[in-house]
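Okay, here's what each chain looks like letter by letter:
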Amino acid sequence: MLPDRKGKFGIFGGRFAPETLIGPLEELEREYKKISKKREFREKLNYLLKEYAGRPTPLYFAESFSKQIGFKVYLKREDLAFTGAHKINNTLGQVLLAKMMGKTRIIAETGAGQHGVATATACALLNMECVVYMGEIDLERQKLNVYRMNLLGAKVVPVKSGSKTLKDAINEAMRDWIANFKTTHYVIGSVVGPHPYPMIVRNFQSVIGKETKKQILKKEKKLPDYLIACVGGGSNSIGLFYPFFKYKEVKFIGVEAGGIGLNTDKHAATLSKGEKGILHGSFSYVLQDRYGQIKVTHSVSAGLDYPGVGPEHSFYKEIGRAEYFAVDDKTALEGFHILSELEGIIPALEPSHAIGWLLKNKRRFKKEDIVIVCLSGRGDKDVVEVAKIEGKL
Ligand SMILES: *Cc1c(COP(=O)(O)O)cnc(C)c1O
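(A) A look at the sheet that holds strand E3 (residues 59-61). With respect to topology, 6 strands assemble into an open sheet ordered E3-E4-E14-E9-E10-E13, the strand pairing being mixed. Whereas interior strands pair on both sides, the edge strands pair on one side only; in this sheet they are E3 and strand E13 (322-327). This sheet shows a mean twist of 25° between the axes of neighbouring strands, independent of strand direction. The pairing of strand E4 (residues 72-77) with strand E14 (residues 370-375) spans 6 bridges and is classified as parallel. Each bridged residue has a counterpart across the sheet, and for Lys72 the counterpart in E14 is Ile370. Contacting strand E10 (251-257) and E13, helix H13 (residues 311-319) runs over the sheet at an angle of about 110° to E13. Along the sheet face, helix H15 (residues 349-360) touches E4, strand E9 (226-230), E10, E13 and E14 and points at about 135° away from the line of E9.

(B) Molecular detail of the site of the ligand. Contacts to the ligand come from 15 residues, most closely from Lys87, Ser190, Gly234, Ser235 and Ser376. In this structure, Lys87 approaches the ligand through a side-chain N or O atom, which is 2.5 Å from an oxygen atom. Ser190 places a side-chain nitrogen or oxygen 2.6 Å from an oxygen atom of the ligand. Expressed as a share of its isolated accessible area of 390 Å², the protein-covered part of the ligand is 97%. Residues belonging to the shell around the ligand are distributed by class as follows: 3 nonpolar, 10 polar and 2 charged.

Calculation criteria
Residues numbered from 1 in each chain as written. Predicted model: local features only at pLDDT ≥ 70, side-chain atom pairs only at ≥ 80, totals over all residues. Heavy atoms only, no water. Pairing = 2+ DSSP bridges. Helix = DSSP H or I, 4+ residues; strand = E, 2+ residues; numbered from the N terminus. Axes fitted to C-alpha atoms, helices over the stretch in contact; angles between N-to-C directions. Contact = heavy atoms within 4.5 Å. Near = heavy atom within 4 Å. Polar contact = N/O pair within 3.5 Å; in protein donor to acceptor, adjacent residues only side chain to side chain. Areas by Shrake-Rupley, 256 points an atom, 1.4 Å probe, with all protein chains shown as cover. Nonpolar A, V, L, I, M, F, W, Y, C, P; charged D, E, K, R; others polar.

Shape descriptors only; they carry no functional weight alone.
See below:
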């Protein structure tokens, strides 16, 4: 079972954190291992996932899209989870964990605001103080999500350092945690960061893959041939993939943000174009310049716009368990439109990358293949942005 005792997935992962964070990280690991086994915790979390977040989410056979593309495609409908994406699976788990650890205060970082809103939601529900760090540029771009977080009772702190975006917000949240860890838990939003975060977030998101397995066995009486998901930090994809890890006949495909193109500097395709390095406490693939400085990334979808990726994905890439590709903004927009038109489902721009990749690569598949795509979120949040890009507003 990975990660190993040092938090490694093969050579990746680990805990590259300042001395002052080692104590809190060790406490978190110890407490997670203890509390996550407790019946009280599991029952409460299952209850919240079901009654509050609306799980299990459907595994929907996309008939028209399948007909168009030439093989069977099922959509795992994380867009139907409460707050409109998979992120709630993780925030409910971590905030409940923190509460049972005796913490009273939650901090988080957010880029576009999706993880901030999901964290603020869990904090409102479970009555925890909530502070969210957000880069000043992101804050300006995502005013509505800032207001949402405020409505939910969270305090949003603007970050003015560095590029004033997500990676700087993460740095600032880590600083807060070092100063306040006695009362405070830091909720990381994806399978990134130092050990034990990639493991904890993966385990909370694995509900996606566990449900999918049951559902597909019921519908098709067999396992799928392919699992496909978009990869930002990598949590919805690993959540889908991980419960299928031991079934070698089930192939995994991760789709990254190719931005304007992989031969430009404007993309976020970390596994396709990055190199091994350390970012936010973990050894993984990283988009960096030749001096090891972190690059500024670009994607039409804010959720994929991150220069790092979870260490478990780097490991899957290294051992050939998964394949990773990138598609550009334009292809993602095609995916966005086709699903809207054929299925009446407006997808978020992030999973639109996975749909777009399928469209472009349909020749790789056979007629009898069963493909499952993680529809990680709904597109309501992106409609204004797409209309602007297309000159319709
Ligand atoms: C945040 C987000 C992502 C990217 O994060 P992962 O950790 O890679 O899953 C993907 N889809 C949606 C809808 C998101 O909100």
